[in-house]
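Observations on the model geometry
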Amino acid sequence: MSASKTDHPHPSPALLEKLSVREKIVIANWKMNGSAEANRLWAEEFLAKLGDLNCRTAVCAPFVYLSELVRLFKDTGVAVGAQTVSPRDQGAFTGEVSAAMLADIGMSLCLVGHSERRLVAHGIAPVVCVGETLAEREAGLTEAVVLRQLRTVLTRVPVAKLGAVAYEPVWAIGTGRTATPQAAQHVHAALRACLTEADAEAAAKTPLLYGGSVKPDNAHELFSQPDIDGGLIGGAALKAEDFHSVCAAARVD
Ligand code: PGA
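Residues numbered from 1 in each chain as written. Predicted model: local features only at pLDDT ≥ 70, side-chain atom pairs only at ≥ 80, totals over all residues. Heavy atoms only, no water.

1. Some words on the overall build of the protein chain
- Counting its secondary structure elements, the protein chain contains ten helices and eight strands.
- Buried positions account for 49% of the 253 residues belonging to the protein chain.
- Excluding contacts between residues fewer than 6 apart, the proportion of contacts in the protein chain whose partners are at least 24 apart in sequence is 69%. (Helix = DSSP H or I, 4+ residues; strand = E, 2+ residues; numbered from the N terminus. Buried < 20%, exposed > 50% of the residue type's maximum accessible area, 1.4 Å probe, protein only. Contact = heavy atoms within 4.5 Å.)

2. So, the site of the ligand
- Near the ligand you find Asn29, Lys31, Glu168, Ala172, Ile173, Gly174, Gly212, Ser213, Leu232, Ile233, Gly234 and Gly235, and these make up its full shell.
- Here an oxygen atom of the ligand sits 2.7 Å away from a polar atom, N or O, in the side chain of lysine 31.
- At 2.7 Å from an oxygen atom of the ligand is found a main-chain nitrogen or oxygen belonging to glycine 174.
- Protein chains bury 95% of the 280 Å² of accessible surface belonging to the ligand in isolation.
- Here the shell around the ligand is composed, by residue class, of four nonpolar, six polar and two charged. (Near = heavy atom within 4 Å. Polar contact = N/O pair within 3.5 Å; in protein donor to acceptor, adjacent residues only side chain to side chain. Areas by Shrake-Rupley, 256 points an atom, 1.4 Å probe, with all protein chains shown as cover. Nonpolar A, V, L, I, M, F, W, Y, C, P; charged D, E, K, R; others polar.)

3. Things to note about helix 10 (residues 240-248)
- Listed as buried for helix 10 are Ala240, Phe243, His244, Val246 and Cys247. Seen from one end, helix 10 has its buried residues packed into an arc of 160 degrees, which puts them on one side.
- As for helix 10, its buried residues are in contact with strand 1 (25-29), helix 1 (36-48), strand 2 (56-60), helix 9 (219-223) and strand 8 (230-233). (Arc of directions from axis to C-beta.)

4. Things to note about the sheet that holds strand 3 (residues 79-82)
- A barrel is described by the order of its strands in space; here eight strands give the closed sequence 1-2-3-4-5-6-7-8, paired in parallel fashion. Within the sheet, the average angular offset between the axes of one strand and its neighbour, ignoring direction, is 25 degrees.
- Here helix 6 (residues 142-154) sits on the sheet and contacts strand 5 (125-130) and strand 6 (164-167); the angle it forms with strand 5, its principal contact strand, is near 155 degrees. (Pairing = 2+ DSSP bridges. Axes fitted to C-alpha atoms, helices over the stretch in contact; angles between N-to-C directions.)

5. Overview of the environment of asparagine 33
- Mapped onto the fold, asparagine 33 is located in the loop between strand 1 and helix 1.
- Of the residues examined, asparagine 33 reaches a relative accessible area of 33% and is grouped as partly exposed.
- With near-sequence residues (within four places) excluded, asparagine 33 lies in contact with Pro62 and Leu238.

6. Observations regarding the confidence of the model for the protein chain
- Summarising the model, the protein chain shows a mean pLDDT of 90, and 89% of its residues fall at 70 or more.
- Confidence over residues 1-12 falls short of pLDDT 50; this stretch has 23 contacts with residues more than four positions distant or in other chains. (pLDDT = per-residue confidence, 0-100.)

7. Observations concerning the pattern of salt bridges
- Using the criterion set out here, one finds eight salt bridges in the structure.
- For aspartate 229, the salt bridge identified is with arginine 192, shortest N-O distance 2.8 Å. Of this pair, aspartate 229 sits in the loop between helix 9 and strand 8 while arginine 192 sits in helix 7 (residues 181-198), and the two are 37 residues apart along the sequence.
- Among the charged side chains, a salt-bridge network with shared partners connects Glu37, Arg40 and Glu44. (Salt bridge = Lys/Arg side-chain N within 4 Å of Asp/Glu carboxyl O.)

8. Quick look at the nonpolar core
- Core analysis: the biggest nonpolar cluster contains 68 residues, and Leu191 and Phe223 have the highest contact counts within it.
- Sort the elements by how many residues they give to this core and helix 7 lands first, with six residues.
- Sequence-distant contacts of phenylalanine 223, that is, excluding residues within four places in its chain, are made with Lys24, Val26, Val214, Ile228, Gly230, Gly231, Ile233, Val246, Ala249 and Ala250.
- Core analysis: the second largest hydrophobic core is formed by twelve residues, Ile27, Ala58, Leu109 and Ala164 among them. (Core = buried A, V, L, I, M, F, W, Y, C linked by side-chain atoms within 4.5 Å.)

9. Considering the state of the cysteines
- Per the stated rule, a full pass over the model turns up zero disulfides.
- Cysteine 110 forms no disulfide, and the closest cysteine sulfur to it belongs to cysteine 60, at a distance of 7.2 Å.
- The thiol of cysteine 247 is not disulfide-bonded; the next cysteine sulfur, from cysteine 55, is found 4.4 Å away. (Disulfide = S-S within 2.5 Å.)

10. Section: the packing of aromatic side chains
- Enumeration over the complete set of coordinates arrives at six aromatic pairs.
- Their ring planes at 35 degrees and their centres at 5.0 Å tell us that tryptophan 42 and phenylalanine 46 sit as a pair that is tilted. Taken together, the residues span about one helical turn, with tryptophan 42 and phenylalanine 46 both in helix 1 at a distance of four residues. The residues tryptophan 42 and phenylalanine 46 share a single accessibility class, namely buried.
- Arranged with centres 5.3 Å apart and planes meeting at 45 degrees, the rings of phenylalanine 46 and phenylalanine 243 form a pair that is tilted. Of this pair, phenylalanine 46 sits in helix 1 while phenylalanine 243 sits in helix 10, and the two are 197 residues apart along the sequence.
- Overall, the relative accessible area of 0% leaves phenylalanine 243 in the buried class. (Phe/Tyr/Trp six-rings, centres within 6.5 Å; stacked < 30°, edge-to-face > 60°.)

In structure tokens, the structure reads:
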């Protein structure tokens, strides 16, 4: 039994292709939440108001719900992605899911803590998460840490193949503490400069997302920063209404 890429009849849209930097992207990261019924209701509620939005959207959900979400979001423009992927291709790795398997069921993106070439090979855009701990921030190491993380990824994946880079300060994830828009912009500018050094043309098209306690009431100011191209949303993506409000804040003024 081996996973091989087949042409999925209903592929999730290639959210991250041909990005114009004027477009914002907001990705829901449901983490280990949801149920078949709750997801169906979420999709129904979100899709009912999708027309109000002018940003690109995606939902990253637990593996078991991905196929059903691809079906629910078919032809709507809402992309579906996984939250993680095995760095291995196939084999005796109990409980693991490969990039080929994700591509096989129509995934177009996947969140990854560290990126692997094979993700790119299977046409799945990696959304690479970087971020410093509170101790690192307090030691003044934020920029050094995130740049080291990004450079490690760039030794394996060219800028042009990155789906997005998400700056997620560890101390802000799920804590209700958010980086100030200015502090986040500062880090995003450093990330952009690092990408530009490697490939200026591709860097200009690579979305830089902010994640970490983004809510409807702080999203607009964060998303208005010049190098913040959207967000990766955890807690506020669990209710369709809140996620819609965050997406609406991603408008380009
Ligand atoms: P949060 O999670 O919005 O709940 O802080 C963000 C994330 O972990 O992607």
